[in-house]
Amino acid sequence: MEPIIRFENVHFSYPEGEREILCGINLEITEGSFVAVLGHNGSGKSTLFKHMNAILLPTSGKVWVRDMDTADEDKLLDIRRTVGMVFQNPDNQIVANVVEDDVAFAPENLGVPSEEIRQRVDAALKQVGMYEFRMHAPHLLSGGQKQRVAIAGVLAMQPKVLALDEPTAMLDPQGRKEVIDTVTRLCREKGMTVVLITHHMEECIGADRLVVMSNGSIVADGTPLEVFSQVELMEREGLDVPETTRVLHELGLPKTAMDPESCAAIIAGAKS
Amino acid sequence: MSDLRVEALTHVYSAGTPFEKTAIQDISLQIPSGQFVGLLGHTGSGKSTFIQHLNALLKPTSGKVLVDGEDINQDKKTRRAVKNKVGLVFQYPEYQLFEETVFADIAFGPKNMGLGKEEIEQRVREAAHFVGVEEELFQRSPLELSGGQKRRVAIAGVIAMRPGILILDEPTAGLDPAGCRQILDNICTYRRESGATVIIVSHNMDDAARLTERLIVFNHGTVAMDGSPEQVFSRPEELIKIGLSVPQATSLAMALREKGIPLQGSIYTHAQLMAALKEVGVC
Ligand SMILES: Nc1ncnc2c1ncn2[C@@H]1O[C@H](COP(=O)(O)OP(=O)(O)OP(=O)(O)O)[C@@H](O)[C@H]1O
Ligand SMILES: Nc1ncnc2c1ncn2[C@@H]1O[C@H](COP(=O)(O)OP(=O)(O)OP(=O)(O)O)[C@@H](O)[C@H]1O
Ligand SMILES: [Mg+2]
Ligand SMILES: [Mg+2]
């Protein structure tokens with residue numbers, strides 16, 4: 001498959017900052033894949049993220065969305081239509097006074113016909129369990145409810161690339177699982193590309209690929225099993241591994257599984 | 001240092017409108033001085049509403065909040081005084097960061113308490129160290145920080161006040177794992193050394209299990225469970241039914257038992273799991 005997003009030796013500094021925040025990023029994201037991005041606080045994940053739909057432009061180097069250069073202003077609308085974003089703080093993305101208008105905002109801007117918007121909005125709100133709140137004021141919702149509304153907004157857009165910056169930070173365990181299951185399904189069944197930034201190691205288990213950032217560079221890149229089995233590297237980076245991996249590691253067993261059942265099977269096998 | 005009592009607390013939002021919402025209903029509980037409490041509950045269960053009553057940010061629709069036996073809503077003076085006693089870190093750090101620089105933000109609380117310049121500076125340094133914020137960020141605008149850095153600064157601002165009751169609303173959301181561990185460990189140390197009461201709202205079952213001595217579980221605005229982590233996590237089906245889960249170590253222990261490994265005792269932390277595995281000869 002073709003890469004749908006491509007970073008080509010991207011360097012970036014914020015205008016007033018003297019420090020380089022992205023230090024030569026090369027990254028190709030395959031269309032239809034599920035990529036998770038990990039990294040310590042301040043490692044540059046959100047900065048990288050904002051390069052994917054031209055909110056930020058490289059100081060040097062290039063970012064491509066398909067064959068569109070994100071620095072090409074004529075392509076801005078097409079780029080934003082291709083890559084849908086959920087930002088780290090849902091409060092900053094509330095644009096309307098009623099939940100359903102908020103969710104309808106992006107598809108309206110993309111020129112989706114109004115009957116279809118209605119359908120998409122209802123479906124998206126149901127998908128995140130917020131349909132009964134459709135007439136509420138978004139700023140008067142609980143923390144987790146705001147986050148769900150923000151996710152509904154991008155689902156209603158139906159973009160080719162679903163880019164999510166810590167979308168589950170405020171969700172309860174089941175809400176978190178539902179969101180991860182939903183994006184995984186959209187990826188597997190609808191061929192959507194998913195880029196997920198997270199601090200929750202369990203959320204990465206089902207990804208095709210895990211990218212670890214550290215101080216503006218990529219320091220690990222591979223399947224979740226490959227990356228998580230490097231327990232020392234993860235610890236050095238201030239990160240963690242799933243409990244299953246940790247137990248296998250401490251028992252000196254092969255780290256070839258991450259879900260509790262398979263991990264239990266490995267341990268049971270080693271005992272007998 | 002300070003004990004807390006809540007009597008028949010109810011809060012109704014937007015009363016008399018079509019969006020009227022009883023966010024918490026008839027909650028009564030007591031938190032003795034020095035206790036470490038975890039507050040769990042599904043999205044929208046009323047956790048943030050509840051804790052905002054504990055420092056008089058929200059006024060009860062009915063019921064009372066007493067700190068050291070005194071009704072905190074009895075008059076303006078007590079409502080104001082309680083803010084220095086009960087430190088609250090908000091769920092979204094953005095609500096708390098409004099000064100020009102990181103330093104000024106952390107200094108805001110101590111300044112309001114009327115402390116001297118030197119004392120303020122020292123407290124800001126200590127608090128920044130507590131949360132792992134480098135001094136090179138002191139002159140930066142809080143708006144120019146990463147999400148996790150903002151969270152750390154917001155926590156530091158409350159720590160700098162050294163409150164007798166420390167309440168944190170999802171303090172680890174957005175923190176990297178090492179940052180989580182560091183800050184939670186420092187909170188434990190702070191509590192031990194100062195005798196402060198600590199209440200943490202969390203969606204992280206592993207942290208809740210590892211740190212707290214009591215868990216209060218909310219469900220639709222009422223208290224569904226109240227007990228030790230051991231008691232609460234021994235009821236996994238109920239927890240799952242109300243939107244929660246069990247710690248990862250507990251899930252793995254359950255899977256191991258199903259595979260016929262006879263692990264003993266209740267297991268909800270990594271250390272317990274490793275000890276139990278050792279006992280049955282897996283190690
Ligand atoms: N607007 C800005 N101006 C100057 N520096 C900034 C700005 N935004 C972020 N930074 C700095 O850039 C670095 C990377 O920030 P970024 O938000 O990309 O990190 P992150 O990996 O997303 O972290 P987190 O996990 O905390 O969200 C940090 O050191 C941060 O302080
Ligand atoms: N200002 C408000 N006006 C009206 N309703 C509100 C307001 N704030 C919260 N609510 C509603 O009250 C209920 C409880 O909200 P609260 O913020 O206390 O939940 P929470 O347990 O903290 O949830 P979360 O885990 O998502 O942060 C929710 O249904 C929410 O929509
Ligand atoms: Mg970020
Ligand atoms: Mg809340």
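Residues numbered from 1 in each chain as written. Chains lettered and ligands numbered in written order. Predicted model: local features only at pLDDT ≥ 70, side-chain atom pairs only at ≥ 80, totals over all residues. Heavy atoms only, no water.

**Brief notes about the coordination of the magnesium ion (ligand 4)**
All names here are of chain B.
Item 1. Here the magnesium ion (ligand 4) is held by Ser 48 (OG) and Gln 91 (OE1), and the distances to it run 2.0 to 2.2 Å. One end of the pair, Ser 48, is in helix 1 (residues 47-53); the other, Gln 91, is in the loop between strand 6 (86-89) and helix 3 (102-112), with 43 residues separating them in the sequence. Each member of the pair Ser 48 and Gln 91 is classed as buried. (Donors = N, O, S within 2.8 Å, 3.2 Å for Na, K, Ca; no water. Helix = DSSP H or I, 4+ residues; strand = E, 2+ residues; numbered from the N terminus. Buried < 20%, exposed > 50% of the residue type's maximum accessible area, 1.4 Å probe, protein only.)

**Some details on the state of the cysteines**
All names here are of chain A.
Item 1. Scanning the entire structure with this criterion turns up 0 disulfides over all chains.
Item 2. We note that Cys 204 lacks a disulfide partner, and the nearest cysteine sulfur, in Cys 187, lies 14 Å from it.
Item 3. Overall, the relative accessible area of 0% leaves Cys 204 in the buried class. (Disulfide = S-S within 2.5 Å.)

**A look at the site of ligand 2**
Item 1. In the vicinity of ligand 2 lie 21 residues, with Ser 142, Gly 144 and Gln 145 of chain A together with Lys 47 and Thr 49 of chain B positioned nearest.
Item 2. Mapping the residues near ligand 2 onto chains gives chains A and B.
Item 3. Within the contact set of ligand 2, an oxygen atom lies 2.7 Å away from a side-chain nitrogen or oxygen of Ser 142 of chain A.
Item 4. Residue Thr 49 of chain B places a side-chain N or O atom 2.4 Å away from an oxygen atom belonging to ligand 2.
Item 5. Protein contact buries 90% of the 630 Å² of open area that ligand 2 shows by itself.
Item 6. The set of elements that each furnish at least two residues to the shell around ligand 2 consists of helix 5 (143-157) of chain A together with strand 2 (21-31) and helix 1 of chain B.
Item 7. Residue classes in the shell around ligand 2 are distributed as 4 nonpolar, 14 polar and 3 charged. (Near = heavy atom within 4 Å. Polar contact = N/O pair within 3.5 Å; in protein donor to acceptor, adjacent residues only side chain to side chain. Areas by Shrake-Rupley, 256 points an atom, 1.4 Å probe, with all protein chains shown as cover. Nonpolar A, V, L, I, M, F, W, Y, C, P; charged D, E, K, R; others polar.)

**Here's the deal with the coordination of the magnesium ion (ligand 3)**
All names here are of chain A.
Item 1. Distances from the magnesium ion (ligand 3) to its protein donors, Ser 46 (OG) and Gln 88 (OE1), fall within 2.0 to 2.3 Å. Here Gln 88 lies in the loop between strand 6 (83-86) and helix 3 (99-109) and Ser 46 lies in helix 1 (residues 45-50), a separation of 42 residues in the sequence.
Item 2. We classify Gln 88 as partly exposed; its relative accessible area is 22%.

**Let's talk about the packing of aromatic side chains**
Residues and elements named next belong to chain A.
Item 1. Within the structure shown, the criterion is met by 7 aromatic pairs over all chains.
Item 2. The interplanar angle of 85 degrees and the centroid separation of 6.0 Å between the aromatic rings of Phe 49 and Phe 87 together place this pair among those described as edge-to-face. Here the residue Phe 49 occupies a position in helix 1, and Phe 87 occupies one in the loop between strand 6 and helix 3, the gap between them amounting to 38 residues.
Item 3. Of the residues examined, Phe 49 reaches a relative accessible area of 2% and is grouped as buried.
Item 4. On the basis of relative accessibility, which here comes to 26%, the residue Phe 87 falls in the partly exposed class. (Phe/Tyr/Trp six-rings, centres within 6.5 Å; stacked < 30°, edge-to-face > 60°.)

**Overview of the site of ligand 1**
Item 1. Near ligand 1 there are 21 residues, and of these Lys 45 and Thr 47 of chain A together with Ser 146, Gly 148 and Gln 149 of chain B occur at the shortest range.
Item 2. With respect to ligand 1, the chains having nearby residues are chains A and B.
Item 3. In the model, an oxygen atom of ligand 1 is placed 2.8 Å from a nitrogen or oxygen of the Gly 42 of chain A main chain.
Item 4. One of the backbone nitrogen or oxygen atoms of Gly 147 of chain B is found 3.4 Å away from an oxygen atom of ligand 1.
Item 5. When isolated, ligand 1 has an accessible area of 640 Å², and the protein chains bury 90% of it.
Item 6. Contributing elements (two or more residues each) for the shell around ligand 1: helix 1 of chain A together with helix 5 (147-159) of chain B.

**Observations concerning the pattern of salt bridges**
Working definition: two side chains of opposite charge can pair if their charged atoms are close together.
Residues and elements named next belong to chain A.
Item 1. Overall, the coordinates contain 27 salt bridges over all chains when judged by the stated rule.
Item 2. Here Lys 62 and Asp 69 are joined by a salt bridge, their closest N and O atoms 2.9 Å apart.
Item 3. In this structure, the salt-bridge partner of Arg 176 is Glu 203, at a minimum N-O distance of 3.2 Å. With Arg 176 in helix 6 (residues 173-190) and Glu 203 in the loop between strand 8 (193-197) and strand 9 (209-214), the pair connects residues that are 27 residues apart, well separated along the chain. (Salt bridge = Lys/Arg side-chain N within 4 Å of Asp/Glu carboxyl O.)

**Notes on the side chain of Thr 70 of chain A**
All names here are of chain A.
Item 1. Turning to its location among the elements, Thr 70 is positioned in the loop between strand 5 (68-69) and helix 2 (76-82).
Item 2. On the basis of relative accessibility, which here comes to 3%, the residue Thr 70 falls in the buried class.
Item 3. Dropping the residues within four chain positions of it, Thr 70 is found in contact with His 51, Ala 54, Leu 57, Pro 58, Val 63, Val 65 and Ile 79. (Contact = heavy atoms within 4.5 Å.)

**Quick look at the environment of Asp 68 of chain B**
Item 1. With respect to the helices and strands, the residue Asp 68 of chain B is situated in the loop between strand 4 (62-67) and strand 5 (70-71).
Item 2. Spatially, the C-alpha atoms of Asp 68 of chain B and Ile 183 of chain B are 27 Å apart, while their sequence positions differ by 115 residues.

**Concerning the domain arrangement of chain A**
All names here are of chain A.
Item 1. Taken as a whole, chain A is organised into domain 1 (3-239) and domain 2 (242-272).
Item 2. The straight-line distance from the C-alpha centre of domain 1 to that of domain 2 is 31 Å.
Item 3. Between domain 1 and domain 2, the contact holds 9 residues from the first and 8 residues from the second.
Item 4. Summing both sides of the interface, domain 1 and domain 2 together bury roughly 790 Å²; the carbon and sulfur share of this comes to 73%.
Item 5. If you sort the residues of domain 1 by the area they bury against domain 2, Ile 205, Leu 225 and Val 231 come out on top, with a joint share of 53%.
Item 6. The tally of links from domain 1 across to domain 2 stands at 1 salt bridge. (Domains from an automatic or database assignment. Buried area = accessible area lost by both parts, 1.4 Å probe.)

**Focus on the pairing of strand 6 of chain B**
Looking along a regular strand, one sees side chains alternate from face to face of the sheet.
All names here are of chain B.
Item 1. Residues Val 86 and Leu 88 point to one face of strand 6 and Gly 87 and Val 89 to the other, with burial holding for every one of them.
Item 2. Relative to strand 7 (residues 165-169), strand 6 runs parallel, the two sharing 4 bridges. If you follow Leu 88 over to strand 7, its bridge partner there is Ile 167. (Pairing = 2+ DSSP bridges.)

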